[in-house]
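Notes for the structure review
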Amino acid sequence: GAVEDDPAAAEGFPEDEITIVVPFSAGGPTDTVTRLIAEPMGEELGTQIVVQNVEGAGGTIAAGQVASADPDGYTVLMHHIGMSTAPSLYADLPYDPLEDFKTVGLVTEVPMTIIARSDFEPDTLEELVTYLEENGEDVTLANAGVGAASQLCGLLLQDAIGVELTEVPYEGTGPALQDLVAGEVDLMCDQTTNTTGQIQGGGVKAYAVTTEEPVESLPDLPTTAEAGLDDLQVGVWHGLYVPAETPDAIVEELTAALQVALEDPNVIDQLAELGAAPSSQDDATPEAHTELLSDQIDLWQPIIEDAGVSAD
Ligand code: MLT
C-alpha cells in the first residue's frame, strides 16, 4: 500500500525504545541470541532495545501477539524454525507466517545436541538407540512445547528410532535444561546456545550434534549421521519479524541495524563459543529470510504430517 512504500515513513525512527519479543523463557537459547544482538542493534539505531519474554504454546502466543501489534517498528519478534513448523502443527494458528509479518532478516543458525541427565545409563548414541527401543515410554523427553525446535528434534528422533517417548513440555528449554541437570527428566534435544556450557562442564551427558559438520566448540561429539541417524539433521535458523503493515522504510532501518550487529566482533565470538555462526549479510535480508521461511514450511509439512503429530 501507499503508506507501506512511503520512504518518509522512517523519518525520525526510532524516537522511542524498541521491544524484541522472545517466544520462550528467559535464559534459554532464543533469549540468549536475542540479548546478544539487541545491544549492538540498539546502538546502531540510537535507541534502547528491550527484550520481552512472552511464553506459551510452543512460541505461537508470542507470534500471534506481534502479528497484531501496531505496525510501527517498535514491536519486533525474534523467532526460529518454529515459525515454519507451527502451521503444520496447529489447525487454528491465529496468524499466517508469510501473510501476517514482514521479515527483517535471518540472524543465526544453531546446531542442536542430543543430551541426557548425567547419570542416564546409555553412554553413546548407539547405546541410546538400543535403550530407547527397549524402554520407550518409560523415558521422559523434555521440550519447549509443540512448535519448539526441541519438539521438532524430538519428533525426528522418535521417528528415526521408531519409538514413542513420554514428552514433558516446558515454556522454554532454559527451565527444561535446569530440570535435566537436576535429573528430573531423562533426555532432551536442544540448541548449542543453551547446552554448550553444561556439556563442557559435565552437567549433562551428550550424544551427538544434529548438523552435517561437527561443531568446533564440542569436538568430542559425533554428528547424528556419523552415528547412524542420517534423517536426524536439523539446524535452528532464527529471524526477526514485524507486523505485515509495517512501512518498508522502517523495515530497512531494522535490517541495516541487524546487519551491523551481525558483524560485531563480540557477537561473532560469543556465538562461536556457543557453536553458532551469525547469518551472512546476504541472508540478513527480508528476501533471503522470506525465501527460507517459505521453503521450510514446505519442507516440514509432509514430515510432520507423516509423523501424525499435532497440537490439538
Ligand atoms: C528456547 O528459547 O527456549 C528454545 O528455543 C525453545 C525451543 O524451541 O526448543
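Residues numbered from 1 in each chain as written. Predicted model: local features only at pLDDT ≥ 70, side-chain atom pairs only at ≥ 80, totals over all residues. Heavy atoms only, no water.

1. What to know about the overall build of the protein chain
For the protein chain, the helix and strand inventory stands at 10 helices and 10 strands. Computed over the C-alpha atoms, the radius of gyration of the protein chain is 19 Å, within 12% of the 20 Å expected from 2.2 N^0.38 for a compact globule of 312 residues. Overall, the protein chain is about 65 × 40 × 30 Å in size when its C-alpha atoms are taken along their principal axes. The buried share among the 312 residues of the protein chain stands at 56%. Excluding contacts between residues fewer than 6 apart, the proportion of contacts in the protein chain whose partners are at least 24 apart in sequence is 79%. Just so you have it, the protein chain exposes about 12800 Å², and 43% of that area is on carbon and sulfur atoms. Charge centroids of the protein chain, computed over 4 positive and 60 negative side chains, lie 10 Å from each other. (Helix = DSSP H or I, 4+ residues; strand = E, 2+ residues; numbered from the N terminus. Rg over C-alpha atoms; globule rule 2.2 N^0.38 Å. Buried < 20%, exposed > 50% of the residue type's maximum accessible area, 1.4 Å probe, protein only. Contact = heavy atoms within 4.5 Å. Areas by Shrake-Rupley, 256 points an atom, 1.4 Å probe, with all protein chains shown as cover. Lys, Arg positive; Asp, Glu negative; His and termini not counted. Charge placed at Lys NZ, Arg CZ, Asp CG, Glu CD.)

2. Topic: the site of the ligand
Taken together, F24, P29, T30, H80, A144, A148, A149, S150, G172, T173 and Q191 make up all the residues around the ligand. At 2.6 Å, a side-chain N or O of T30 approaches an oxygen atom of the ligand. Side-chain polar atom of H80 to an oxygen atom of the ligand: 2.7 Å apart, as the coordinates give it. Look at the ligand: alone it shows 270 Å² of surface, and the protein chains cover 100% of it. (Near = heavy atom within 4 Å. Polar contact = N/O pair within 3.5 Å; in protein donor to acceptor, adjacent residues only side chain to side chain.)

3. Observations regarding the pattern of salt bridges
In total, this model carries 5 salt bridges according to the counting rule given. The partner of D248 in a salt bridge is K102, and the shortest N-O contact between them spans 2.7 Å. Pair noted here: D248 is in helix α8 (residues 248-261) and K102 is in strand β4 (residues 101-117), with a separation of 146 residues, a long-range link. Taking relative accessible area as the criterion, K102 reaches 15% and is therefore assigned buried. (Salt bridge = Lys/Arg side-chain N within 4 Å of Asp/Glu carboxyl O.)

4. So, the pairing of strand β9 (residues 235-243)
Of all 9 residues in β9, 9 are buried; the element is thus mostly enclosed. With 4 bridges connecting them, strand β3 (residues 75-80) and β9 associate as antiparallel partners. Counted as the bridge partner of L77 is Y241 from β9. Summarising the sheet, β4 and β9 pair through 9 bridges and their orientation is antiparallel. Each bridged residue has a counterpart across the sheet, and for L106 the counterpart in β9 is G239. (Pairing = 2+ DSSP bridges.)

5. Thoughts on the packing of helix α5 (residues 149-161) against helix α10 (residues 286-307)
Between α5 and α10, the shortest axis-to-axis distance is 11 Å and the interhelical angle comes to 55 degrees. Taken together, the axes of α5 and α10 are oblique relative to one another. Along this stretch, α5 crosses α10, giving a crossing that reads as left-handed. Counting all contacts with α5, which are made through L152, L155, L156 and D159, the residues of α10 involved are W300, I303, I304 and A307. For the contact of α5 with α10, the residue count by class is 7 nonpolar, no polar and 1 charged. (Axes fitted to C-alpha atoms, helices over the stretch in contact; angles between N-to-C directions. Parallel < 35°, antiparallel > 145°, perpendicular 65-115°, else oblique. Left-handed = near helix turned anticlockwise from the far one by under 90°. Nonpolar A, V, L, I, M, F, W, Y, C, P; charged D, E, K, R; others polar.)

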